[in-house]
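Summary of structural features
Chain residues, written in single-letter form:
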Amino acid sequence: MSDIIQLLPDHVANQIAAGEVVQRPASVVKELLENAIDAKASHIKLIIKEAGKTLIQVIDDGMGMSVTDARLSFERHATSKIKNAEDLFQLNTKGFRGEALASIAAIAHVELKTKQEKDEVGTEIKIEGSEVVSQEVCVTPKGTSISVKNLFYNIPARRNFLKSNAVELRHIIDEFHRVSMVHADIKFDMYHNGSEVFSLPVTNYRQRIVHIFGAKTNEKLVPVEEETDLVKITGFVCKPEFAKRTRGEQFFFVNNRFIKSAYLNHGVNSAFEGLLKEKTHPSYFIYLTVDPKSIDINIHPTKTEIKFDDEHALYAMLRSTIKHSLGQFNVAPILDFNRDASMDTPYEYKSKMIKTPTIEVDRSFNPFKDDPKESTSSSSKSYTSFKKEPAGSWENLYAGLETPETSSKPLENDFTSIEFESSEVTGSLFNADQEAELEHHITYQLRRKYIVTTIKSGMVIIHQNRAHYRVLYEEVLRNITMASAVSQQLLFPLKLSFSKQEMQILKEVQEHLENTGFVFGEITDTDVSISGIPTATTESEVSVLLEKLINDIEQEVPDSGFSLTDLLVRSISGSIAVKTGIELPKEQQQYIVNSLFACTEPTITPDNKPTFITLTVDDIDKKF
């Protein structure tokens, strides 16, 4: 046989590597920001256009690169971070693989401007699809400016897989958060389509978190701090009452690098055991500092997964540290073995002398002794008797009263002309046919999850949550598109706080929410006042509903093919639909059954899941 193994061309190898390193515009943002941090920049500026599809530009005031380094930086496996294999276990930089710039240059138009402080002029390089178009001398300030334009221009399939601008921007902001949150000593600016999104000054960790997530975050944070030979733990957890339905604000950083760890996340959740409501997740910002030799970062190109030498010990320390902080700041109940102040000696008894208490006894007291004033003979005792006088005839009861015939004065309380309502019920709330139908369709709730009712051919088992979801979906959709929704006014306006990004999403869907029955008052960058809510919701559900709605829009659930109106209706109706495990009275069971079969599409939910199943008499007979 002839030889069949051959070396791939560089541009093909770069595109294959790009598939792992660059998954979406947010991946480019992450790599460029980390390169700027490794360059010891003190001010980093991120400029985005069209959610990164048109332009991603990162400008820093770091060390810059020489002419040779600038050209070499776009070669595969070319890096300044490590020199041999042993350096992989002593990493103090973000990057080390030498693949990022080569991968980005393979699938985009890249323009690099860089200058070192000692040089008079800088270097400008333009690359398109791994090919160097031009390399020139340019005038540029100290540092590096790298622009990535027309991402995936030569891979149309990858470009078509990108989500909408709103979703891609959300992922870019997430990456920006992960990088900026751990480097509070660096000034960060972010712009999107010419408008400023973030301007983060140099500060400490706590203020950096507050600047990102809003001023109301400050009161939610509980400090966490512990230092051992194995790990140094710092950061913050949020109080249990501020736990969220989504896992958005959960951050682990190891040696100033964002990571994802389901195992450590479970350790945090176990520390909150017994303090959280059902299906809520705590928010946390945990910074771990460990020996670089005890971890392996080279697991995945994104470097968000890390292997620890002793993961079990880390789990135990993290859990106990968070439990200690929650108890120390009186967030969680703790056992207090200190003395009870109510058992202390009163202050006024301080100077009194101790003496045996005296007991006074009346020795002459005898409860069985008769009173000397009374006679000892029982026969001589006199008792007072009360005799009931006979009432006599019934006419004596009305003695002194005058009859209308004998009295010249009109009688005030003349009840002869008053008509009293008959106590006998002559009508019926239902006619005979309706009563027969109600008696025939008897509903029964099974396991607080299903509603069982009968039909002519057998029986129907209805999933109460899915059925109510379908009913509410059509009702809310009708309110938004056709009719004006009914709103219930709140006695006191409800004030909710969100981050700037969440408030931006709320403003975009404000008109749609008003069509469903919401009435908004004052709206600021981080707060919203709600004075009216839809009749189907309760005041306690509003914050959960809006939180889930914002999360759905951020993730664009279920798919980008659905309109914003449909997404809004799905989120609202899914949030307020009756949940599994709730006991329903007969009237509500009957309402769900009747409303479901009055829907235009009663068989499935808006997510294409079945709402009920039928069992015919033949199916039941086969079981026997």
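Everything here concerns the structure above.
Rules and cut-offs
Residues numbered from 1 in each chain as written. Predicted model: local features only at pLDDT ≥ 70, side-chain atom pairs only at ≥ 80, totals over all residues. Heavy atoms only, no water. Helix = DSSP H or I, 4+ residues; strand = E, 2+ residues; numbered from the N terminus. Buried < 20%, exposed > 50% of the residue type's maximum accessible area, 1.4 Å probe, protein only. Contact = heavy atoms within 4.5 Å. Areas by Shrake-Rupley, 256 points an atom, 1.4 Å probe, with all protein chains shown as cover. Phe/Tyr/Trp six-rings, centres within 6.5 Å; stacked < 30°, edge-to-face > 60°. Salt bridge = Lys/Arg side-chain N within 4 Å of Asp/Glu carboxyl O. Core = buried A, V, L, I, M, F, W, Y, C linked by side-chain atoms within 4.5 Å. Polar contact = N/O pair within 3.5 Å; in protein donor to acceptor, adjacent residues only side chain to side chain. Pairing = 2+ DSSP bridges. Axes fitted to C-alpha atoms, helices over the stretch in contact; angles between N-to-C directions. Patch = residues over 30% accessible without salt bridge, like charges linked within 9 Å, V, L, I, M, F, W, Y side chains within 5 Å. Lys, Arg positive; Asp, Glu negative; His and termini not counted. Charge placed at Lys NZ, Arg CZ, Asp CG, Glu CD.

**A closer look at the overall build of the protein chain**
Helix and strand content of the protein chain: 17 helices and 22 strands. Counting the 624 residues in the protein chain, one finds 40% classified as buried. For the protein chain, long-range pairs separated by at least 24 residues make up 67% of all intrachain contacts whose partners lie at least 6 apart in sequence. Accessible area of the protein chain: about 38600 Å², with a carbon and sulfur share of 52%.

**A look at the packing of aromatic side chains**
For the structure on display, the rule yields 14 aromatic pairs. Measuring from centroid to centroid gives 6.2 Å for F251 and F253, while their planes differ by 0°, and the two rings are stacked. Judged by its relative accessible area of 6%, F251 is buried. Arranged with centres 6.1 Å apart and planes meeting at 20°, the rings of F518 and F520 form a pair that is stacked. Residue F518 is classed as buried on the basis of its relative accessible area, which comes to 2%. F520 sits in the buried class, given a relative accessible area of 13%. Among the aromatic residues, those joined into a ring-pair cluster are Y205, F213, F251, F253, F258, F285 and Y287.

**Re the pattern of salt bridges**
Going through the model one piece at a time under the given rule, you end up with 13 salt bridges. Among the ionic pairs, E583 bridges to R448, the shortest N-O distance being 3.4 Å. One end of the pair, E583, is in the loop between α15 (564-576) and α16 (586-596); the other, R448, is in the loop between β16 (444-446) and β17 (450-455), and 135 residues separate them in sequence. Among the residues examined, E583 registers a relative accessible area of 56% and is labelled exposed. The residue E474 makes a salt bridge to R470 at a minimum N-O spacing of 3.1 Å. With E474 and R470 both in helix α11 (residues 464-481) and four residues apart, this pair spans about one turn of that helix.

**A look at the nonpolar core**
Ranked by size, the top nonpolar core spans 56 residues in total, and within it L32, I44, L46, V148, M181, M190 and F285 carry the most contacts. The element contributing the most residues to this core is helix α2 (residues 25-38), with seven residues. If sequence neighbours within four positions are ignored, M190 has contacts with L46, I48, L169, I172, I173, F176, S195, E196, V197 and F198. In terms of nonpolar packing, the next biggest core, distinct from the first, is built from 31 residues, V542, L546, V569 and I576 among them.

**Notes on the environment of D189**
Relative to the helices and strands, D189 resides in strand β7 (residues 187-192). Sequence spacing of D189 and I44 is 145 residues, and the spatial spacing of their C-alpha atoms is 6.5 Å. Setting aside its immediate chain neighbours within four residues, D189 contacts H43, I44, K45, L46, F176, F198, S199 and L200. Reaching out from D189, the side chain makes a polar contact with the side chain of K187 at a distance of 3.1 Å.

**Some words on the sheet that holds strand β12 (residues 257-259)**
Read across the open sheet, the five strands follow the order β9-β10-β13-β11-β12; overall the sheet is mixed. Only two strands of the sheet have a single partner each, and these edge strands are β9 (221-227) and β12. Neighbour-to-neighbour, the strand axes of the sheet open up by a mean angle of 20°, direction not taken into account. Where strand β10 (residues 231-238) and strand β13 (residues 284-290) come together, seven bridges link them in antiparallel fashion. Bridging from a neighbouring strand, T234 pairs with Y287 of β13. Along the sheet face, helix α7 (residues 205-213) touches β9, β10, β11 (250-254) and β13 and points at about 145° away from the line of β13. Packing of helix α9 (residues 311-328) onto the sheet brings it into contact with β9, β10, β11 and β13, and relative to β9 it is tilted by some 135°.

**Remarks on a negative patch on the surface**
Judged by side-chain charge, E225, E226, E227 and D229 come together as a negatively charged surface patch. With respect to the element layout, E226 can be found in strand β9. On the accessibility criterion, E226 (34% relative accessible area) is partly exposed.

**Side note on the environment of P602**
With respect to the helices and strands, P602 occurs in the loop between α16 and β22 (612-616). Spatially, the C-alpha atoms of P602 and V471 are 8.2 Å apart, while their sequence positions differ by 131 residues. P602 has contacts with L596, F597, T611 and F612, leaving out every residue within four places of it along the chain.

**Quick notes on the side chain of S529**
One can find S529 in strand β21 (residues 527-534). Those residues in contact with S529 that sit more than four places away from it in its chain are P493, L494, K495, V519, F520, G521 and E522.

**Concerning unusual backbone geometry**
We note that R447 has phi near 55°; this positive angle belongs to a residue other than glycine. Counting through the fold element by element, R447 comes out in the loop between β16 and β17. Judged by its relative accessible area of 74%, R447 is exposed. A positive phi angle is found at N608, which is not glycine, with a value near 65°. As for its placement among the helices and strands, N608 is situated in the loop between α16 and β22.

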